[in-house]
Amino acid sequence: MEKVEDSQFPEGFLWGGAVAANQCEGAYLTDGKKLSTADMVTGGTKDTPRMFTSKIIEEAYYPSHEAIDFYHRYKKDIALFGEMGFKVFRLSINWTRIFPNGDDLEPNEKGLAFYDSVFDECKKHGMEPLVTLSHYEIPWNLVTKYKGFHSRETIELFVRYATTCFERYKDKVNYWLTFNEINVATIAEGALNGLGLIQQEDLEHTDPIPLSQLQDNPQERFEALHNQFVASALAVKEAHKINPKFRVGCMINRITWYPHTPNPKDVLACQKHDRLFNQFAGDVMVRGEYPSYIYSYFKENNIDPSFITEKDQQLLSEGKVDMYTFSYYLTNCVSVDPAVERVGGNITGGARNPYLKLSEWGWHIDPEGLRYTLNMIADRYPNIPIMVVENGYGGIDHVEEDGAVHDSYRIDYLRDHIREMRKAIDDGVPLIGYTEWGPIDIVSVGTGEMYKRYGFIYVDRHDNRLGNYSRSKKDSFEWYKKVIASNGADLD
Ligand code: BG6
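Residues numbered from 1 in each chain as written. Predicted model: local features only at pLDDT ≥ 70, side-chain atom pairs only at ≥ 80, totals over all residues. Heavy atoms only, no water.

Per an unreviewed UniProt entry, the protein chain goes by 6-phospho-beta-glucosidase and derives from Candidatus Enterococcus ferrettii. Of the protein chain, the UniProt comment under Sequence similarities (unreviewed entry) reads exactly: "Belongs to the glycosyl hydrolase 1 family." (UniProt positions renumbered as here; feature names shortened; annotations may be inferred.)

Structural data, given as structure tokens:
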């Protein structure tokens, strides 16, 4: 058994798991809830794209509509998390449960009551909720009426929603994140879910459109992202007024890139990529100002930055976040050579790294990259707590005749990453917690599948819409329980 005596996770380290509303709740039109962006996207597979539809098509399959029915089963699910010893449970509030149209004058009491009950269950089982206000979804009405975050009105509406949640849950929730993986809006793929930015022509299209073929307008996309930064800063200010104990974080999809070769062209291309995708959003939210390098990106890409007003800049500097949180699944390489093999990834792919293995979905597996990434973040933003709020292994699980799932591959992945986090703490990184992604099987964001599973808990729900939603423990369940009980010392 591996026991590490000389290097330890700090006392009170926040171990737990993370999910998102539209990937687990289901009940997509229950108790007053209305459509959100995530409800307009059909299921796909590794080889067939998810489709956006501007109207709900009766016979199409939208995984968020039923998901794993967490909405009706959360008590048992949270009890299972409690059995594993979770100290923290990251979940998102579904904006459309609270403000079904996004611009309603009064919140929906049934939606508010649902999350009251979820947080009460967390407390009962000794977990701190860590709440994301917008995890890849905004009310559909805001898309059609205001063009999502492209409109400044959506800033006000988000702040109304955020403030309603802060007030209501001020004695139940201490940790908040404003927008999940806000930085994905720096690439075309990020326009739909978080920003709700869809071009009129696509809205009028009656046939399904593959997500990758939605039209992109970079000028509008960066304007919308800017509005999100301002909305987030305003929410941070409100949060601190309502409860000075609140800790609000940014949430960055962190894909560390390595130059594919020492060719300075690869190295420079890698730096550019890194600045745009990884650094830019974090710099704005942690340091409270736009970094100088982004203006050269704007210039190169004909983006007029006049949307950044002086008043906005003031707000950004007043609404800095209290912690840096991020997701980490993989690393990728950057190569200027078009002949180099490319592989996929979480939201975006990159050049193949010959030193790393790939998961079944073609994602590089790079535990040491996590240590490297943690050190880079700590160097860039000294004196701010850091948390890994997503990390996990999406794989294919086989259920044995006796119902067991022997997911040693998942244990291996997690063990290796946790070991590297421990080393990063030894390096001096102020890491305060870790929430494994998808502690219970949920719908995949990238492909919309249930076939790709992350959980310690197996859910009997399949892509053909069959299954009875029953929950059962995989081998990794007892393993993670032991990891938490030993505060990360026992990783065997
Ligand atoms: C993150 C998202 O980027 O990746 C999650 O925040 C998502 O919502 C996770 O589920 C894993 O990606 P996928 O495509 O395997 O679900």
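A. Fine view of the overall build of the protein chain. Along its length, the protein chain carries 15 helices and 18 strands. Whereas a compact globule of 492 residues would reach a radius of gyration of roughly 23 Å, the protein chain reaches 21 Å, a difference of no more than 12%. Oriented by its inertia axes, the alpha-carbon framework of the protein chain measures out at about 60 × 55 × 45 Å. The proportion of buried residues among the 492 residues of the protein chain is 62%. Considering only contacts in the protein chain between residues 6 or more positions apart, those separated by 24 or more positions represent 75%. For the protein chain, the computed accessible surface area is about 19,100 Å², with 50% contributed by carbon and sulfur atoms. Taking the average place of the 54 positive charges on the side chains of the protein chain and the average place of its 73 negative ones, the gap between the two points comes to 3 Å. (Helix = DSSP H or I, 4+ residues; strand = E, 2+ residues; numbered from the N terminus. Rg over C-alpha atoms; globule rule 2.2 N^0.38 Å. Buried < 20%, exposed > 50% of the residue type's maximum accessible area, 1.4 Å probe, protein only. Contact = heavy atoms within 4.5 Å. Areas by Shrake-Rupley, 256 points an atom, 1.4 Å probe, with all protein chains shown as cover. Lys, Arg positive; Asp, Glu negative; His and termini not counted. Charge placed at Lys NZ, Arg CZ, Asp CG, Glu CD.)

B. Structural view of the state of the cysteines. In this structure the tally under the stated criterion is 0 disulfides. Of the cysteine sulfurs around C24, a residue in no disulfide, the closest is that of C122, at 11 Å. In this model C270 remains outside any disulfide bridge; the closest cysteine sulfur is found in C333, 7.9 Å from its own. C270 gets classed as buried once you look at its relative accessible area, which sits at 5%. (Disulfide = S-S within 2.5 Å.)

C. Representation of the environment of R90. Tracing the chain through its elements places R90 in strand β3 (residues 88-92). On the accessibility criterion, R90 (0% relative accessible area) is buried. Along the primary structure R90 and Q279 are separated by 189 residues, whereas in three dimensions their C-alpha atoms are 23 Å apart. Of the polar contacts made by the side chain of R90, one reaches the side chain of H135; its length is 3.4 Å. (Polar contact = N/O pair within 3.5 Å; in protein donor to acceptor, adjacent residues only side chain to side chain.)

D. Quick look at the layout of surface pockets. Quantified by volume, the largest pocket comes out at close to 1,200 Å³. Within the residue set of the lining of the largest pocket, elements represented by two or more residues are α1 (21-24) and α2 (63-66). Of the residues contributing to the lining of the largest pocket, the split by class is 20 nonpolar, 20 polar and 8 charged. What the second largest pocket holds in volume is close to 360 Å³. Mapped onto the lining of the second largest pocket, the elements with two or more residues apiece are α10 (264-287) and α11 (292-300). No other element matches α10, which puts 8 residues into the lining of the second largest pocket. (1 Å grid on protein atoms, 1.4 Å probe; cavity = no way out; pocket = protein on both sides within 12 Å on 5 of 7 lines; lining within 4 Å. Points joined across faces, edges and corners; volume = space filled by probe spheres on them. Nonpolar A, V, L, I, M, F, W, Y, C, P; charged D, E, K, R; others polar.)

E. Fine view of the pattern of salt bridges. The final tally for this structure, using the stated rule, is 32 salt bridges. Among the salt bridges present, the one from D116 reaches K172, with a minimum N-O distance of 2.9 Å. Taken as a pair, D116 in helix α5 (residues 109-124) and K172 in the loop between α7 (153-168) and β5 (175-179) lie far apart in primary sequence, 56 residues in all. Given a relative accessible area of 14%, D116 falls into the buried group. Members of the salt-bridge network, linked through shared partners, are D397, D407, R410, D441, R453 and K474. (Salt bridge = Lys/Arg side-chain N within 4 Å of Asp/Glu carboxyl O.)

F. Up close: the packing of α7 against helix α9 (residues 218-242). At a minimum axis separation of 9 Å, α7 and α9 run at an interaxial angle of 25 degrees. One way to sum up the angle between α7 and α9 is to call them roughly parallel. The hand of the α7/α9 crossing is right-handed. Here α7 contributes I155, F158, V159, A162, T163, F166 and E167 to the contact with α9, which in turn contributes N227, V230, A231, L234, A235, E238, A239 and I242. (Axes fitted to C-alpha atoms, helices over the stretch in contact; angles between N-to-C directions. Parallel < 35°, antiparallel > 145°, perpendicular 65-115°, else oblique. Left-handed = near helix turned anticlockwise from the far one by under 90°.)

G. Representation of the site of the ligand within the structure. For the ligand, the set of nearby residues contains 16 residues, the closest of which are E181, V445, G446, K452 and Y454. N180 has a polar side-chain atom sitting 3.0 Å from an oxygen atom of the ligand. The side chain of S444 places a nitrogen or oxygen atom 3.2 Å from an oxygen atom of the ligand. One can see that the ligand is located within the largest pocket. (Near = heavy atom within 4 Å. Sits in = over half its atoms within 2 Å of the grid points.)

H. Just α11, in detail. Considered for burial, the residues of α11 that qualify are Y293, I294 and F298. Viewed end-on, α11 has its buried residues packed into an arc of 150 degrees, placing them on one side of the element. When the buried face of α11 is taken as reference, the exposed residues oriented beyond 90 degrees from it are S292 and K299. Packing partners of the buried residues in α11 comprise α9, α10 and α13 (367-380). (Arc of directions from axis to C-beta.)

I. Expanded view of α10. With 24 residues, α10 extends only 29 Å from end C-alpha to end C-alpha; this falls clearly short of the ideal 34 Å at 1.5 Å per step. A maximum bend of about 50 degrees is found in α10 at Q279. Count one or two residues on from α10 and you reach G288, which has phi positive near 75 degrees. (Expected span 1.5 Å × (residues − 1). Bend = angle between axes of the 7 residues up to and from the residue.)

J. Quick peek at the environment of Y413. Checked against the element boundaries, Y413 lands in helix α14 (residues 408-426). Separated by 42 residues in sequence, Y413 and G455 place their C-alpha atoms 13 Å apart. Apart from the residues lying within four places of it in its own chain, the contact partners of Y413 are Y328, Y329, I365, N391, G392 and Y393.

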